[in-house]
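# Structure at a glance
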Amino acid sequence: MTSRIAFVGGGNMARAIIGGLIDSGWPAQAITVIEPHAPTAAALERDFAIAVQSQGDATLAEAACVVWAVKPQVLKEVALALRPLLGASLHLSIAAGVTTPSLQGWLASARIVRAMPNTPALIRKGMTGLFAAPSVSEADRQLAQRIAQAVGQVQWVEQEALLDAVTAISGSGPAYVFYFLEAMQQAGESLGLTRAQAYRLAVATFEGAAALAAASDEPPEVLRQRVTSKGGTTFAATSAMDACDLQAHFMAAIQASSTRAAEMAREFG
């Protein structure tokens, strides 16, 4: 029998996971959402034929897993309000920066898995980092992984602090790609291409290069060297990047993201 899943919060990421679960064969009748915002609730009911409640009730205790999909700054308030209604569920939190000890205290449960998804989950191309508390069973890990895989790939980490690195690389990572796409589009326009032409070329290049990297056993520096002939056009571009120390600046930006993730844990916990 398929496990019941309850979502607390029905925003974009919850919506993506729900859609992925249903498309992968999870019965709609086994999914419940607690969503007080009426238009969001109505859209979920209409699009997925699932049960949506404006507030929790005793049926919350029937869930095998509760997915916490509310903003981190309100998670404590919501968790404490719903705690009397909770059963012996697994808790899967996708709230950035809220640590396992905080969740265990608010939910009075040791069965906690934290997840850090990213926005490509909206088109089932996501990457989700997962961390399980030591008391989480293998069956619980498999359930959490199945839920996360509904929207893409997963990567487990065995130290909770590494979720800050996951946040910095893949959680925030789509914004880095969009940043470079924007720059490539603007550069293409300055060289005479139309905005649409430059954008199409840039997007297809990112998509193709990422697919090539995923299919190759070679490290990225080797793949880069294969494209770079000394004295050629690519060499001119990478030399210009090296001259302004772009790689070091980019690594510093990722470190700043990781540092901020750790700061959020202290703020919201």
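Reading guide: rules and limits
- Residues numbered from 1 in each chain as written.
- Predicted model: local features only at pLDDT ≥ 70, side-chain atom pairs only at ≥ 80, totals over all residues.
- Heavy atoms only, no water.
- Axes fitted to C-alpha atoms, helices over the stretch in contact; angles between N-to-C directions.
- Helix = DSSP H or I, 4+ residues; strand = E, 2+ residues; numbered from the N terminus.
- Parallel < 35°, antiparallel > 145°, perpendicular 65-115°, else oblique.
- Contact = heavy atoms within 4.5 Å.
- Nonpolar A, V, L, I, M, F, W, Y, C, P; charged D, E, K, R; others polar.
- Polar contact = N/O pair within 3.5 Å; in protein donor to acceptor, adjacent residues only side chain to side chain.
- UniProt positions renumbered as here; feature names shortened; annotations may be inferred.
- Left-handed = near helix turned anticlockwise from the far one by under 90°.
- Buried < 20%, exposed > 50% of the residue type's maximum accessible area, 1.4 Å probe, protein only.
- Pairing = 2+ DSSP bridges.
- Core = buried A, V, L, I, M, F, W, Y, C linked by side-chain atoms within 4.5 Å.
- Domains from an automatic or database assignment.
- Salt bridge = Lys/Arg side-chain N within 4 Å of Asp/Glu carboxyl O.
- Right-handed = clockwise from strand over helix to strand, strands pointing away.

Two elements in contact, helix α3 (residues 72-82) and helix α4 (residues 100-107), have axes separated by 8 Å at closest approach and are oriented at 30°. One finds that α3 runs roughly parallel with respect to α4. Listed contacts from α4 to Leu-75, Lys-76, Ala-79 and Leu-80 of α3 are Leu-103, Trp-106 and Leu-107. Among the residues forming the contact of α3 with α4, the class breakdown is six nonpolar, no polar and one charged.

To continue, consider the side chain of His-91. Assignment of secondary structure puts His-91 in strand β5 (residues 90-93). Within the structure, His-91 has its side chain in polar contact with the side chain of Trp-68 (distance 3.0 Å). Those residues in contact with His-91 that lie beyond four places of it in its chain are Val-66, Trp-68, Leu-86, Leu-107, Ser-109, Arg-111, Ile-112 and Val-113.

Attention now goes to the UniProt feature "domain: Pyrroline-5-carboxylate reductase catalytic N-terminal" (unreviewed entry) in the chain. Per the UniProt annotation, the sites labelled "domain: Pyrroline-5-carboxylate reductase catalytic N-terminal" (unreviewed entry) are residues 4-97. Helix makes up 36% of residues 4-97 and strand makes up 20%, while its end C-alpha atoms are separated by 26 Å.

A few words on the packing of helix α7 (residues 173-190) against helix α8 (residues 195-215). The contact between α7 and α8 brings their axes to 8 Å, and the two run at 140°. If you check the angle between α7 and α8, you find them oblique. Of the two elements, α7 crosses α8, and the hand of that crossing is right-handed. Where α7 approaches α8, its residues Val-177, Phe-180, Leu-181, Met-184, Gln-185, Gly-188 and Glu-189 are matched on the opposing element by Arg-195, Ala-198, Tyr-199, Ala-202, Val-203 and Phe-206. Its residues placed into classes, the contact of α7 with α8 shows nine nonpolar, two polar and two charged.

Right, let's talk about the pairing of strand β7 (residues 126-132) for a bit. Side-chain direction in a regular strand flips from residue to residue, so the side chains alternate between the two faces of the sheet. In terms of burial, β7 is largely enclosed, as six of its seven residues are buried. Sheet topology note: the strand β6 (residues 112-116)/β7 ladder contains four bridges and is antiparallel. By the bridge assignment, Val-113 is partnered in β7 with Ala-132. Of the pairings in the sheet, the one linking β7 to strand β8 (residues 152-156) comprises five bridges and is parallel in character. Within β8, the residue paired with Thr-128 across the bridge is Val-154.

Here, UniProt's "domain: Pyrroline-5-carboxylate reductase dimerisation" (unreviewed entry) annotation points to residues 160-264. Secondary structure across residues 160-264 comprises 83% helix and 0% strand; the distance between its end C-alpha atoms is 14 Å.

With that out of the way, let us pick up the nonpolar core. Formed by 39 residues in total, the largest nonpolar core has its most connected members in Phe-7, Leu-21, Ile-50, Leu-92 and Val-113. Discounting residues that sit within four places of it in the chain, Ile-50 has contacts with Ile-18, Ile-22, Ala-28, Ile-31, Val-33, Leu-44 and Glu-45. The next biggest cluster of nonpolar side chains, apart from the first, holds 18 residues, and it includes Leu-60, Leu-82, Leu-86 and Leu-103.

Right, let's get into the environment of Val-8. Note that Val-8 resides in strand β1 (residues 5-8). Spatially, the C-alpha atoms of Val-8 and Val-70 are 6.7 Å apart, while their sequence positions differ by 62 residues. Beyond its immediate chain neighbours, meaning those up to four positions away, Val-8 contacts Ile-34, Val-66, Val-67, Trp-68, Ala-69, Val-70, Val-78 and Leu-82.

Turning our eyes to something else, we now look at the domain arrangement of the chain. Partitioning the chain into domains gives domain 1 (5-164) and domain 2 (172-265). Summarising the inter-unit geometry, the C-alpha centres of domain 1 and domain 2 are found 33 Å apart. Every contact between the two is made by seven residues of domain 1 and, on the other side, six residues of domain 2. At the boundary of domain 1 and domain 2, one finds zero salt bridges. Taken together, the links from domain 1 to domain 2 amount to one residue pair in polar contact (both at pLDDT 80 or more). Class assignment of the residues belonging to the side of domain 1 that touches domain 2 gives a composition of two nonpolar, four polar and one charged.

Attention now goes to the sheet that holds β8. Here eight strands make up an open sheet; going across it, the order is β3-β2-β1-β4-β5-β6-β7-β8 and the pairing mixed. Lying at the two open borders of the sheet, with one neighbouring strand each, are β3 (51-53) and β8. Going from strand to strand, the sheet's axes swing by 25° on average, the running direction of each strand aside. Most of the contacts of α3 go to strand β4 (residues 65-68), to which it runs at about 150°, and overall it touches β1, β2 (31-34), β4 and β5.

Right, let's talk about the pairing of β5 for a bit. Neither face of β5 is left uncovered, since the one carrying Leu-90 and Leu-92 and the one carrying His-91 and Ser-93 both have all their residues buried. Sheet topology places β4 next to β5; four bridges connect them, and they run parallel. When the sheet's bridge partners are listed, Trp-68 is paired in β5 with Ser-93. Here β5 pairs with β6 via three bridges, running parallel. Bridging across to β6, Leu-92 finds its partner in Val-113. For the crossover from β5 across α4 to β6, the handedness is right-handed.

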